Each structure stands twice: as C-alpha cells, then as structure tokens.
Amino acid sequence: MTLPGPLGTPSRRGAAVLAAAAVLGVLAVALLGAGLARTGTGELRIPAAHPTTLLRILLLAGLALAVGELAGTRLAGAGPLPRRLAAPGALLAAAASAGLLLLLAAVSGLSLPVVYGLREGRLLLVTANACLLAAVCAASRRPGLAALPLAAAIVAEALRAHPESAGFGVGTGLTVVHLTAASLWTGTLLHVLRVLRLRDGGREVLLRYARMAACVYAALAVTGTVSTLRRLPLDAVLGTAYGRVLLVKLALFGGASLLALMARSRLLSGADARPPARVELAVLAVIMALSALLTVVPDPHWIRS
C-alpha cells in the first residue's frame, strides 16, 4: 500500500508544501537562530548576526547548486537535462561573498581598502572572484571547467573558518572535505530529482546517485565528528550557542540519514524513492542553514581557552 503525501506518491502539492517548509525553516534559522541559541549562555550579542547568517546561507546554497550540478550531470548520463542552475548558483555565491565583504566593512567601521588587507577580507574577495569565474565557466560550452574555481572558493571558505591557523592546517583540510561533501549531498540530490521529474523516471540515475551518496555520507560523518571533537569541549555542549546549534544539526542529520536509508530501501525494492528523497532534501536545506549559523555564533574553543 502506498501512502499519500510527502512519503507516499509524489505530487506537486506535496512538493510545494515541502519547499515552503524548507524555506520557512531556513528563514527561521537566519532570523531567530542566533538569538535563541545564545539565550542564557552569557555570551555577548553577535554583531549583525542575522544578515551574516542569511548571507552565509546564500553562499552555501550557491556552492551546493554549482557543485551539485557538476556531479549530477555526470550521474545523469545520456538524456534530457533540466535547465542549468550552476551559473546562477555560482553568481549567488559570488554576490553573497561580496555582501559579506561589505557587511564586514560596515560592522568594523573600516573602509573597503583597509578591509581588503584583512585576512578575512582577502579570503572573501578570493571567494567572490572564484565564484564569479565559476559562473562564467558554467555558462560556457565547457561547464566542467567550473570545478577548479569552485574548489578555490571552498578552500578559501575553509581557511576563513579557521582564523587560528596561519596556513592549510588539519582543521582547514577537514572543513574542505566536509563542505565539499555537504555541497555534493544537497546539490546533487536536487539535480537528480530535477532530472527524474524531467524524464518521468530514471531508476538508474538514482542508483548511481545512491552509490556516490554513500561515499559522501561517510566523508561527512568522519570529518564532522573529528572537527567537533577538535573544536567543541564536552562541557560546552549545552552551555554555548555553538553546542546547542550543533545538537540540533546532529538531530536533523540523523533524520536525513533515516530518510536516505528509506529512499535507498524503496529504490532497491523497485518502489518510488522520490518521495522520501524530497523530504530528505528539505531537511538538508535546514541543515545547511544551521551550518551557516555555526560559522556566526562564538567558537567555544576560544571562549574556554
């Protein structure tokens, strides 16, 4: 028996409800997440937390769209493909990086030339330019060339996330793998679902995606666990904004894992795997927003040191 709704037969109404729920969840994280997370922790108010979180969400979303389409196109094989979103996604990431650069100047009270000289300002500028170049490549006849500037943007974002390291350290390497894997999981799933909708089927595409997703999931789990152990002291899990956001993210990650297993089980049994995959994508969108929020709230490693 096939159940109606998001986990049963696919429908446009169900997809619209999921999309609306995902958007509301992302907006809630952007507008309320920082304030709720630091309530009762004693941590200072985060300057420009809401716009910073929103811009970082847009940056991660743009990277996921661009990276996911590059991988998804290879998985799709021969046949019709949906309208390309890699170039718009890279442009979105470039615009978000530029917005973060302007916001940094506004919050710090420094002029743009001075901000360009700061480590974070230089890295944001590299990210913006790399994403802009990726958009040009993605819109060309050889969209695969976008992979190199996208890799540069991910490395720059990883370096920005680890100001304690003067160069490419262990933490930076873990973040590179984690951010790449997260972009692949979310962005490729979106592209594969769009391919399936266009082709009205395509079980072989989902099978290829499932094999790739297993490797991506393992990379996410390992890098996320190691990064958490390195950055979050055990006594700061419940008493810091970072620890609280991380707990919510881990809970949703578990939910996305169960949905992925459900989709895989339905795929192997010959049933329609798209409904749980759509719910999985909605959950991943909220997880992406929480990942952006984690880059905004205070780092407990520095609070407790």
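Residues numbered from 1 in each chain as written. Predicted model: local features only at pLDDT ≥ 70, side-chain atom pairs only at ≥ 80, totals over all residues. Heavy atoms only, no water.

*Asks:* Can you help me understand a nonpolar patch on the surface in this one?
*Replies:* Together, Val23, Leu27, Leu31, Leu32, Leu36 and Leu54 make up a nonpolar patch on the protein surface, roughly 550 Å² of accessible area in all. By the element assignment, leucine 54 lies in helix α2 (residues 49–76). Residue classification places leucine 54 among the partly exposed positions, given a relative accessible area of 34%. (Patch = residues over 30% accessible without salt bridge, like charges linked within 9 Å, V, L, I, M, F, W, Y side chains within 5 Å. Areas by Shrake-Rupley, 256 points an atom, 1.4 Å probe, with all protein chains shown as cover. Salt bridge = Lys/Arg side-chain N within 4 Å of Asp/Glu carboxyl O. Helix = DSSP H or I, 4+ residues; strand = E, 2+ residues; numbered from the N terminus. Buried < 20%, exposed > 50% of the residue type's maximum accessible area, 1.4 Å probe, protein only.)

*Asks:* Any chance you could explain the layout of surface pockets here in plain terms?
*Replies:* Its volume calculated, the second largest pocket comes out at about 1,100 Å³. Of all the secondary structure elements, the ones that give two or more residues to the lining of the second largest pocket are α1 (12–38), α2, α7 (170–199) and α10 (274–294). Counting residues per element, the lining of the second largest pocket draws most heavily on α1, at nine residues. Residues that form the lining of the second largest pocket fall into these classes: 24 nonpolar, three polar and six charged. (1 Å grid on protein atoms, 1.4 Å probe; cavity = no way out; pocket = protein on both sides within 12 Å on 5 of 7 lines; lining within 4 Å. Points joined across faces, edges and corners; volume = space filled by probe spheres on them. Nonpolar A, V, L, I, M, F, W, Y, C, P; charged D, E, K, R; others polar.)

*Asks:* Can you help me understand unusual backbone geometry in this one?
*Replies:* Trans peptide bonds make up most of the peptide bonds, and negative phi angles are found at most residues other than glycine. Look at alanine 48: it is not a glycine, yet its phi comes out positive at around 50°. Within the element layout of this structure, alanine 48 appears in the loop between α1 and α2.

*Asks:* Would you mind going over the nonpolar core with me for this structure?
*Replies:* Among the nonpolar cores identified, the biggest contains 90 residues, and Leu63, Leu150, Trp185, Leu189, Leu206, Tyr209 and Val216 are the most heavily contacted of them. Considering each element in turn, this core owes the most residues, 15 residues, to α10. Beyond its immediate chain neighbours, meaning those up to four positions away, leucine 189 contacts Leu184, Tyr209, Ala277, Glu280, Leu281 and Leu284. (Core = buried A, V, L, I, M, F, W, Y, C linked by side-chain atoms within 4.5 Å. Contact = heavy atoms within 4.5 Å.)

*Asks:* Got a minute to help me understand the environment of proline 51 in this structure?
*Replies:* Here proline 51 is to be found in helix α2. As for proline 51 and leucine 31, which are separated by 20 residues in sequence, their C-alpha atoms are 8.2 Å apart.

*Asks:* Looking at this structure, how should I read the packing of α2 against α10?
*Replies:* For any two helices packed against each other, one specifies the inter-axial angle together with the distance between the axes. At a minimum axis separation of 8 Å, α2 and α10 run at an interaxial angle of 125°. Here α2 lies oblique to α10, going by the angle between them. α2 and α10 meet at a crossing whose hand is right-handed. Here Thr53, Arg56, Ile57, Leu60 and Ala61 of α2 lie close against α10, whose contacting residues are Met288, Ala289, Ser291, Ala292 and Leu293. When its residues are assigned to classes, the contact of α2 with α10 shows seven nonpolar, two polar and one charged. (Axes fitted to C-alpha atoms, helices over the stretch in contact; angles between N-to-C directions. Parallel < 35°, antiparallel > 145°, perpendicular 65-115°, else oblique. Left-handed = near helix turned anticlockwise from the far one by under 90°.)

*Asks:* Whenever I open this one, the pattern of salt bridges confuses me. Can you help?
*Replies:* When charged atoms on two side chains of opposite charge get close, those side chains can pair. Inspection of every chain in the model, using the stated rule, returns four salt bridges. Measuring nitrogen to oxygen at the nearest pair gives 3.7 Å for the salt bridge that ties glutamate 120 to arginine 56. Taken as a pair, glutamate 120 in helix α5 (residues 119–138) and arginine 56 in helix α2 lie far apart in primary sequence, 64 residues in all. Taking relative accessible area as the criterion, arginine 56 reaches 4% and is therefore assigned buried. Overlapping salt bridges bring together Arg56, Glu120, Glu157 and Arg160 as one network.

*Asks:* What's the story with the packing of aromatic side chains in this structure? I'm lost.
*Replies:* When we look at a pair of aromatic rings, we describe it by the centre distance and by the angle of the planes. Tallying each qualifying case throughout the model produces three aromatic pairs. Taken together, a centroid distance of 5.8 Å and an interplanar angle of 90° make the contact between tryptophan 185 and phenylalanine 253 edge-to-face. Of this pair, tryptophan 185 sits in helix α7 while phenylalanine 253 sits in helix α9 (residues 241–268), and the two are 68 residues apart along the sequence. Taking relative accessible area as the criterion, tryptophan 185 reaches 5% and is therefore assigned buried. An angle of 10° between the planes, with centres 5.3 Å apart, marks the rings of tyrosine 217 and phenylalanine 253 as stacked. (Phe/Tyr/Trp six-rings, centres within 6.5 Å; stacked < 30°, edge-to-face > 60°.)

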